[in-house]
Amino acid sequence: MKKILLSLVALCIAFVSRAQGDIPYTEINYNVHYHWGLVDVMIAHGVVGMQKEGDRFSATLDGNSIPWNGRVFCVSDTLKATMTPGNGLPSETVDYINGWYLKPKVTLYRSHGFDPSNPANYKNIKGGGNLDASPETMEAITVTADMLGLFYYFREIDFNSMSDGQQITIPIAVSGGSPEKVVVTYNGKSSFKTDDASYPTYSVRFEYSYGGRMSGYPVDAQVSAENRLPVLISASLPIGKVEMIYHP
């Protein structure tokens, strides 16, 4: 189950091109489900917040699992970027990015004594904190933070002009770091139904690079053709499938 929860981190994130405009602060809620054979359980909740003013885009992700094996697994990501208009898609320069990983025991998490700012309780992708976390875990959290940029680009890519299977590579400049990229593949028009509604969608797959190589975390998404929000984000794994499902 730990691998499943870490795969949520990797998810943890197609639109008609339109005039550059501000995006008022918006929160998007997701429930996270795990499927394996007959097993179908909700394992976590997540909230994505985003806003754009002028060329400045900012987004956050906060998620926590249900209690598992005596612990609650938590992820918190922040991305701040400058989106500079140009010919075609705006270019992205990451001005600030960070991601935090926490796994407190349930009793501590639910107590008034839990302090998420205590270095003993967290590890972040900039090397802060003293929590025990593998390099693979922190790589997954880095990729999750990167993916927040897609909540902007999903509003800008003109999928209606693309053919099935066509790819777009978006370069990403990182202040003080090496350049990265995300490869987005358009797989055509589709639809997705939740318990609350049915959505006409664009079907896409995306994968980010990490440290100059592709991350190995390809992710499928169904993006609403109406409001351009991802209504489904999913990844198939050897140990099952993890899905983030939009919950209005």
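Residues numbered from 1 in each chain as written. Predicted model: local features only at pLDDT ≥ 70, side-chain atom pairs only at ≥ 80, totals over all residues. Heavy atoms only, no water.

**What about the pattern of salt bridges?**
One pass over the full model with this rule turns up 3 salt bridges. We note a salt bridge from Arg 213 to Glu 139, for which the minimum N-O separation is 3.2 Å. With Arg 213 in strand β10 (residues 213-214) and Glu 139 in helix α3 (residues 135-147), this pair connects stretches of sequence that are 74 residues apart. Taking the relative accessible area as the measure of exposure, Arg 213 reaches 43% and is therefore partly exposed. For Glu 139, a relative accessible area of 10% translates into the label buried. The residue Arg 205 makes a salt bridge to Asp 220 at a minimum N-O spacing of 2.8 Å. Here Arg 205, found in strand β9 (residues 198-210), pairs with Asp 220, found in strand β11 (residues 219-224); they are 15 residues apart in sequence, far enough to count as distant. When its relative accessible area of 38% is taken as the criterion, Arg 205 is described as partly exposed. Note on Asp 220: relative accessible area 24%, which makes it partly exposed. (Salt bridge = Lys/Arg side-chain N within 4 Å of Asp/Glu carboxyl O. Helix = DSSP H or I, 4+ residues; strand = E, 2+ residues; numbered from the N terminus. Buried < 20%, exposed > 50% of the residue type's maximum accessible area, 1.4 Å probe, protein only.)

**Some words on the nonpolar core**
Judged by nonpolar contacts, the single largest core of 52 residues is most densely connected at Ile 28, Met 50, Phe 151, Phe 159, Val 184, Phe 206 and Tyr 208. Ignoring anything within four residues of it in the chain, the contact list for Tyr 208 reads Val 143, Asp 146, Met 147, Gly 149, Leu 150, Ile 172, Lys 181, Val 182, Arg 213, Met 214 and Ser 215. (Core = buried A, V, L, I, M, F, W, Y, C linked by side-chain atoms within 4.5 Å. Contact = heavy atoms within 4.5 Å.)

**Observations regarding unusual backbone geometry**
A positive phi angle, near 55°, is found at Asn 69, a position not held by glycine. Tracing the backbone through its elements, the reader meets Asn 69 in the loop between β3 (56-65) and β4 (74-84). For Arg 228, which is not glycine, the phi torsion reads 65° and is therefore positive. Positionally, Arg 228 belongs in the loop between β11 and β12 (230-237).

**With respect to the packing of aromatic side chains**
Summed over all chains, the structure comprises 9 aromatic pairs. Aromatic side chains Tyr 109 and Phe 114 sit 5.9 Å apart centroid to centroid with 55° between the ring planes, which places their arrangement in the tilted category. Exposure remark for Tyr 109: the relative accessible area of 30% places this residue in the partly exposed category. Seen from their ring centres, Tyr 152 and Tyr 153 are 5.3 Å apart, and the 75° between their planes marks the pair as edge-to-face. (Phe/Tyr/Trp six-rings, centres within 6.5 Å; stacked < 30°, edge-to-face > 60°.)

**Details of the side chain of Asn 121**
Position of Asn 121 relative to the elements: it lies in the loop between α2 (106-109) and β6 (123-124). Classification of Asn 121 as buried rests on a relative accessible area of 16%. From its side chain, Asn 121 meets the backbone oxygen of Asp 115 in a polar contact 2.8 Å long. Residues within four places of Asn 121 in sequence aside, it is in contact with Tyr 101, Leu 102, Leu 108, Phe 114, Asp 115 and Leu 131. (Polar contact = N/O pair within 3.5 Å; in protein donor to acceptor, adjacent residues only side chain to side chain.)

**Considering the environment of Val 47**
Tracing the backbone shows Val 47 in strand β2 (residues 39-53). Placed 15 residues apart in sequence, Val 47 and Asp 62 show a C-alpha to C-alpha distance of 5.4 Å. Contact partners of Val 47, with chain neighbours within four places excluded, come to Glu 27, Ile 28, Asn 29, Thr 60, Leu 61 and Asp 62.

**Notes on the pairing of β9**
Where strand β8 (residues 180-193) meets β9, 10 bridges bridge the pair, whose relative direction is antiparallel. Residue pairing across strands places Thr 185 opposite Arg 205, the latter belonging to β9. In sequence, β8 turns back onto β9 through a hairpin of 4 residues. As defined by bridge partners, β9 adjoins β11 across 6 bridges and the pair is classed as antiparallel. Looking at β11, one finds that Thr 201 is bridged to Ser 224. (Pairing = 2+ DSSP bridges.)

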